[in-house]
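Residue-level structural notes
These are the residues of each chain, in order.
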Amino acid sequence: MWILSIDTATKITGLALHQDEQLVAESFLHTSKTHSERVMPMILQLMENAGLSFSDLNAVAVASGPGSFTGLRIGMATAKGIAQVRKLPVIGINTLDALAQNGRGFTGLISPILDARKNEVYNALYRNQHGTLERVSDYRAIAPERLLEELSMSSESVLFVGDAVATYQELISTTLEARAVFFAENMSLPRGSQVGALAAKRLAIGESDDLYGLKPFYIRQSEAEVTWAKRFGQGV
C-alpha cells in the first residue's frame, strides 16, 4: 500500500511516501516560497524519484490542522484533488499529533508548540505510554505564559518541539530551567513522514476519512470569520 502524505500546515512543505508503514521517500522545504508555488512540483519530483506514478498510490494523507489557515487549505485541496481524481481514500492527521511523534521515546511530557500568532501557540500535551503516544490535554490555542504556568505545576521534564520553539525558547528556559528539553531544529520541525506514519497505522486497521466531510481543523476562527461575526452579531 503506497501512501502519499502532505503537510503544509506551517511554513514548511513536508511530503512523504510510505509503503505500508515503511518510509520510502521524504521531501522537506523551508523557504520563503508559498505552498501554492511549490507543493505540486515537489510532489511530482518526489514521485519521480521514487519511481512511482499516481496510479501506484493507494491513499493520500494530509495534515489537517491546526496551523496556518491558508497552508491548511492548500494542503487539504491538494490531497482531496488527488484522492478524488484517483478514487483513493484520504486520511486527515492532526498536526500536533504528528509533530509529537518527533519525541517518541522521550520520558516525560512532550509539548508541541506551533505559532498561532496573536501571542499564542497551538498546543497539546503528550506522554509515552507503553510504546505509544497518548494525548493528555485538549487541543488548544494558548498564551505561552499560561502554558508554562500550567507546566510549572508538574515536576516532569518537558520536551518542546515545533516552529514556535525558537521564538519562546528563552522564556521557556527561564521558566522551567533544567526541566525544559529541546531538540536540534532539524529534529523539532514538522515532517511529512510523521503524518504518513500515523496515516499508515490508521489505514492498516481500515480507517480513512470522508472525502467531502474532511475539513481543516483550525481550533479558532479566522480573522474573516471574526469580522463577519462582529458585523452580523453571531458566530459562524
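Refer to the structure presented above.
Bear in mind that the values here come from a model prediction, so they are computed numbers and not experimental data.

**What to know about the pattern of salt bridges**
Tallied over the entire structure, the rule returns 6 salt bridges. A salt bridge links Arg 127 to Glu 156; its shortest N-O distance comes to 2.6 Å. Here the residue Arg 127 occupies a position in strand S8 (residues 126-129), and Glu 156 occupies one in the loop between helix H4 (144-151) and strand S11 (158-161), the gap between them amounting to 29 residues. Note on Glu 156: relative accessible area 25%, which makes it partly exposed. Note that Glu 150 and Arg 140 form a salt bridge whose closest N and O atoms lie 2.9 Å from each other. You can see Glu 150 sitting in helix H4 and its partner Arg 140 sitting in strand S10 (residues 140-142), a full 10 residues away along the chain. By relative accessible area, Glu 150 is classed as partly exposed at 33%. Members of the salt-bridge network, linked through shared partners, are Arg 202, Glu 207 and Asp 209.

**Quick notes on the side chain of Arg 202**
Within the secondary structure layout, Arg 202 lies in helix H7 (residues 192-204). A distance of 3.0 Å separates a polar atom in the side chain of Arg 202 from a polar atom in the side chain of Asp 209. Discounting chain neighbours no more than four positions away, the residues touching Arg 202 are Ile 91, Gly 92, Ile 93, Glu 207, Ser 208 and Asp 209.

**Quick look at the packing of aromatic side chains**
One pass over the full model with this rule turns up 3 aromatic pairs. Relative to Tyr 218, the ring of Phe 69 has its centre 4.5 Å away and its plane inclined at 50°; by these criteria the two rings are tilted. Of the two residues, Phe 69 sits in helix H2 (residues 69-86) while Tyr 218 sits in the loop between H7 and helix H8 (223-232), which places them 149 residues apart along the sequence. Across this residue pair, the class does not change: Phe 69 and Tyr 218 are buried. Sitting over the face of the ring of Tyr 139, Arg 135 holds its NZ or CZ atom 3.9 Å from the ring centroid.

**With respect to the packing of H4 against helix H5 (residues 165-176)**
Between H4 and H5, whose axes approach to 10 Å, the crossing angle comes to 25°. As judged from the angle between their axes, H4 and H5 are roughly parallel. Along this stretch, H4 crosses H5, giving a crossing that reads as right-handed. Note on element contacts: H5 touches H4 through Tyr 168, Leu 171, Ile 172, Thr 175 and Leu 176, opposite Pro 144, Glu 145, Leu 148 and Leu 151.

Criteria and cut-off values
- Residues numbered from 1 in each chain as written.
- Predicted model: local features only at pLDDT ≥ 70, side-chain atom pairs only at ≥ 80, totals over all residues.
- Heavy atoms only, no water.
- Salt bridge = Lys/Arg side-chain N within 4 Å of Asp/Glu carboxyl O.
- Helix = DSSP H or I, 4+ residues; strand = E, 2+ residues; numbered from the N terminus.
- Buried < 20%, exposed > 50% of the residue type's maximum accessible area, 1.4 Å probe, protein only.
- Polar contact = N/O pair within 3.5 Å; in protein donor to acceptor, adjacent residues only side chain to side chain.
- Contact = heavy atoms within 4.5 Å.
- Phe/Tyr/Trp six-rings, centres within 6.5 Å; stacked < 30°, edge-to-face > 60°.
- Lys NZ or Arg CZ within 6 Å of the ring centre and 35° of its normal.
- Axes fitted to C-alpha atoms, helices over the stretch in contact; angles between N-to-C directions.
- Parallel < 35°, antiparallel > 145°, perpendicular 65-115°, else oblique.
- Left-handed = near helix turned anticlockwise from the far one by under 90°.

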